[in-house]
Amino acid sequence: MQTATFSFDIGKFDESQLKRSSVSIAVVTAERDAGPDSGRQRQVTMCRNLSKYALIFLFLALFGLFWLLRNIHSVENWNCHTISALYQLQSRIQSSFLPTFYHNHTFCAQLGQKPSPEDELEERYLLDSIAWPGPLTRSAQTALRLTSDPLHSLFAILPTKGGREWHVGDQLEVLVQMHDFHGRPKRYGGDFILARLHSPELGAGVAGNVLDHRNGFYSALFPLLWVGSAQVEVTLVHSSEAVSVLQRLREERPDRVFFKSLFRLGFLSETTVCNMCLPPDQQPLCNYTDLYTGEPWYCYKPKILSCDTRVNHAKGGYLKHLISNQEALLFQSGVNIKVHIHPSGPDRVTVLPPRKVEAESSSAKPDAIMLAPSGYYYEKSWRPLGGATLRQFNDTSAIIRCLKDKMIHLYGDSTIRQWFEYLIAFVPGLKEFNLHSPKKVGPFMAVDNAHNILLKYRCHGPPISFSTVMSSELRYISNELDGLSGGPNTVVVLSIWSHFTTFPVEVYIRRLRHIRLALVRLLDRAPGTLVVIRSANLRALDQEVSLYNSDWYSLQLDEVLRAMFKGMSVRLVDAWQMTVAHPLPHAVHPPQVIVKNMIDMLLSYVCPEEKKS
């Protein structure tokens, strides 16, 4: 062992420095003498310290994951207002940086399967048949004072050719002249006007047919159907300028009503916006296009979850700030939305009994045949025209006898669900079977075992603006019809219109085309099946409702529906004329007295009056 010799100048160090130096040398010497065992001990000590820190880091990571899951799960509870605000902000940002091709109605209308040449020809015919007259100018906004003002406008009853006498069977003609807020006559048409002839004393009423002469004048034509007093009522629903705004919104903003879906896997959930028309260049989409009909439906793909984790479908909300302040003046309750027009003279006539001898050359007869309504009210009861006879089902036993051994399938929106609710309330024997379905959504089922009656309701597929519908319950009517056996004991009732008012008419035509094809197949395999279609009806309007669900939108869809099912072996319950002719205020879900007349009409088709031999 070698000895190292060091030479120090002791005088240069004090006693403390010498002690520190001695300790340091002793430590180094001890470590050198200890060998490799000391290094292993240090490693063990370090590992113990690291394991303590690892536990701390693991705890923080688990806490962070728990916080993340809790916050993502709270997305499910977002209310519609929050989503609406975010979606509006997103739309505004996108509109600044992205092309606006998706606002073109052709983007939405041309989704889905490509129609055949015959279907395209029919579509053009239908669109031409509902083309609305008026100054559809979009380059400049019209000042309110230059638009139609119901308070300055007038109507007058025109005399008959034979003098001032009217008889049952005659046609009453009323001339309407529209003026602006300055009192000046309008020179073009396009106003949406309703007309009604009624008698409060007799409980009578009938809808008039309004003809637009496209020069500010309109004719309202009424058949005279009862003896006694008949009073004319004319109502401006929307000015021509307001209709122009509605038409633009329908074509350019089909996204003004949006929907949402919840995606969930375990504790993880996300909510995204859904619609029939979503711009494909913003973010990835989940494609839920129906495999059988080709009906398109999309949702924005969740950030984390996959498309097959969708749980439900619900209405998301309405986009706001769609029109300018100047355009908003065209939609004012009490000013230019559903305001009565005053007469310039008498507004009523006295109708005498039918003439004994009818003049065959009467010029009014062709018009009377062409403009015949589907029915009218008398003594508060609907009386159909055109060959059908309405029976009164005023007690439970009469309804049970009619529906015995029948299966009634109701498909559509909430206006046909109202029929389900009416029947189970009026017929105690119809016991609702609890399917644990969401309230006001369905599906619903009621059974009368004693009389072998089955009553079912199911909503139509998207677009459907219900609160929450489970994804597994989203069914298209055409697919449901293909699953029916049909037969003389099967009744199918359809009502589909209210949730399509915000979309281009081409979307509605495509949906009805699929339903029509399914009905053709059903009636081919089971000719005895009874099919009844409920038309659209009027509703209460204010500014907000008008921009999304105006009666003008409903009228356009209703005319398409009647044209597409014309000539088929189906029956119609004319809810449109039933609500126009009735004195009660308009509502999307009509009052019970009107629903009662609709149910009587339905049951009269199911159990027609036996003809006397």
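Computed from a prediction, not measured in an experiment: that's the story for all the values here.

Asker: Explain the overall build of the chain here, please?
Answerer: Helix and strand counts for the chain stand at 16 helices and 25 strands. Out of the 613 residues belonging to the chain, those deemed buried represent 48%. Nonlocal contacts in the chain, meaning residues at least 24 apart in sequence, comprise 76% of its contacts between residues at least 6 apart. As displayed, the chain has an accessible area near 31,100 Å², and 57% of this comes from carbon and sulfur atoms.

Asker: Is there a simple way to think about the state of the cysteines in this case?
Answerer: Here is the idea: a disulfide is a covalent bond, and it sits between the sulfur atoms of two cysteines. Evaluation of the coordinates by the stated rule reveals three disulfides. Across a sulfur-sulfur distance of 2.0 Å, Cys 274 and Cys 299 are joined as a disulfide pair. Linking Cys 274 and Cys 299, the disulfide has an S-S dihedral of approximately 105° and is accordingly described as right-handed. Of this pair, Cys 274 sits in strand E10 (residues 268-275) while Cys 299 sits in strand E12 (residues 298-300), placing them 25 residues apart in sequence. The residues Cys 274 and Cys 299 share a single accessibility class, namely buried. One disulfide bridge connects Cys 286 with Cys 307, the sulfur atoms lying 2.0 Å from each other. Measuring handedness by torsion sign, the sulfur bridge of Cys 286 and Cys 307 sits at about -80° and is left-handed. Pair noted here: Cys 286 is in strand E11 (residues 285-287) and Cys 307 is in the loop between E12 and strand E13 (310-318), with a separation of 21 residues, a long-range link. Judged by its relative accessible area of 1%, Cys 286 is buried.

Asker: Please explain the sheet that holds strand E23 (residues 490-495) as it appears in this structure.
Answerer: Where strands meet in a sheet, backbone hydrogen bonds hold them as pairs that are either parallel or antiparallel. Spatial strand order, E19-E20-E21-E18-E23-E24-E25: seven strands in an open sheet with mixed pairing. With partners counted over all chains shown, the strands left at the sheet margins are strand E19 (431-433) and strand E25 (571-573), one partner each. Shown here is a sheet whose adjacent strand axes are inclined to one another by a mean of 20°, direction ignored. Here strand E20 (residues 444-448) pairs with strand E21 (residues 453-459) via five bridges, running antiparallel. If you follow Asp 448 over to E21, its bridge partner there is Ile 453. Across the sheet, helix H16 (residues 592-606) touches E23, strand E24 (530-534) and E25, and the angle it forms with E25 is around 165°.

Asker: How should I be thinking about the nonpolar core in this particular structure?
Answerer: In globular proteins that are soluble, nonpolar side chains generally tend to be buried together. Of all hydrophobic cores here, the largest spans 77 residues; its most connected members are Leu 481 and Phe 565. Considering every element that reaches this core, the biggest residue donor is helix H12 (residues 505-525), with ten residues. Sequence-distant contacts of Leu 481, that is, excluding residues within four places in its chain, are made with Tyr 411, Val 492, Ile 515, Ala 518, Leu 519, Leu 522 and Arg 525. Phe 420, Val 441, Cys 459 and Met 598 belong to the second-largest nonpolar core, a separate cluster that totals 47 residues.

Asker: Could you clarify how one ought to interpret the pairing of strand E6 (residues 209-212) in this entry?
Answerer: Looking along a regular strand, one sees side chains alternate from face to face of the sheet. Pairing analysis gives four bridges linking E6 to strand E7 (residues 217-223), with the strands arranged antiparallel. In the strand pairing of E7, Asn 209 is matched with Leu 221. Hairpin connection of E6 to E7: four residues between the antiparallel strands, including Arg 214 at a positive phi of 65°.

Asker: Just to check I follow, could you spell out the sheet that holds E13 for this structure?
Answerer: Strand order in the open sheet formed by six strands is E11-E12-E10-E9-E13-E22, and the pairing between neighbours is antiparallel. Each of the sheet's edge strands pairs with one partner strand only, and the pair in question is E11 and strand E22 (469-470). Relative to E10, strand E9 (residues 257-265) is paired through seven bridges, and the arrangement is antiparallel. For Arg 264, the partnering residue across the bridge sits in E10 and is Ser 269.

Asker: Which parts of the structure should I look at to understand the packing of aromatic side chains?
Answerer: The description of an aromatic ring pair uses the distance of the two centres, along with the angle that the planes make with each other. Here the structure, examined in full by the defined rule, presents eleven aromatic pairs. Centroid distance Tyr 377 to Trp 382: 4.9 Å. Interplanar angle 70°. Geometry classified as edge-to-face. Trp 382 gets classed as buried once you look at its relative accessible area, which sits at 2%. In textbook terms, an aromatic cluster arises when at least three aromatic residues are bridged by ring pairs, as seen for Trp 132, Phe 192, Trp 552 and Tyr 553. Over the aromatic face of Tyr 288 sits the side chain of Arg 310, whose NZ or CZ is 3.9 Å from the ring centroid. For Arg 417, the ring lying beneath its charged end belongs to Phe 466, and the centroid distance is 5.8 Å.

Cut-offs and rules
- Residues numbered from 1 in each chain as written.
- Predicted model: local features only at pLDDT ≥ 70, side-chain atom pairs only at ≥ 80, totals over all residues.
- Heavy atoms only, no water.
- Helix = DSSP H or I, 4+ residues; strand = E, 2+ residues; numbered from the N terminus.
- Buried < 20%, exposed > 50% of the residue type's maximum accessible area, 1.4 Å probe, protein only.
- Contact = heavy atoms within 4.5 Å.
- Areas by Shrake-Rupley, 256 points an atom, 1.4 Å probe, with all protein chains shown as cover.
- Disulfide = S-S within 2.5 Å.
- Pairing = 2+ DSSP bridges.
- Axes fitted to C-alpha atoms, helices over the stretch in contact; angles between N-to-C directions.
- Core = buried A, V, L, I, M, F, W, Y, C linked by side-chain atoms within 4.5 Å.
- Phe/Tyr/Trp six-rings, centres within 6.5 Å; stacked < 30°, edge-to-face > 60°.
- Lys NZ or Arg CZ within 6 Å of the ring centre and 35° of its normal.

Remember, this is a structural readout, not a statement about activity or role.
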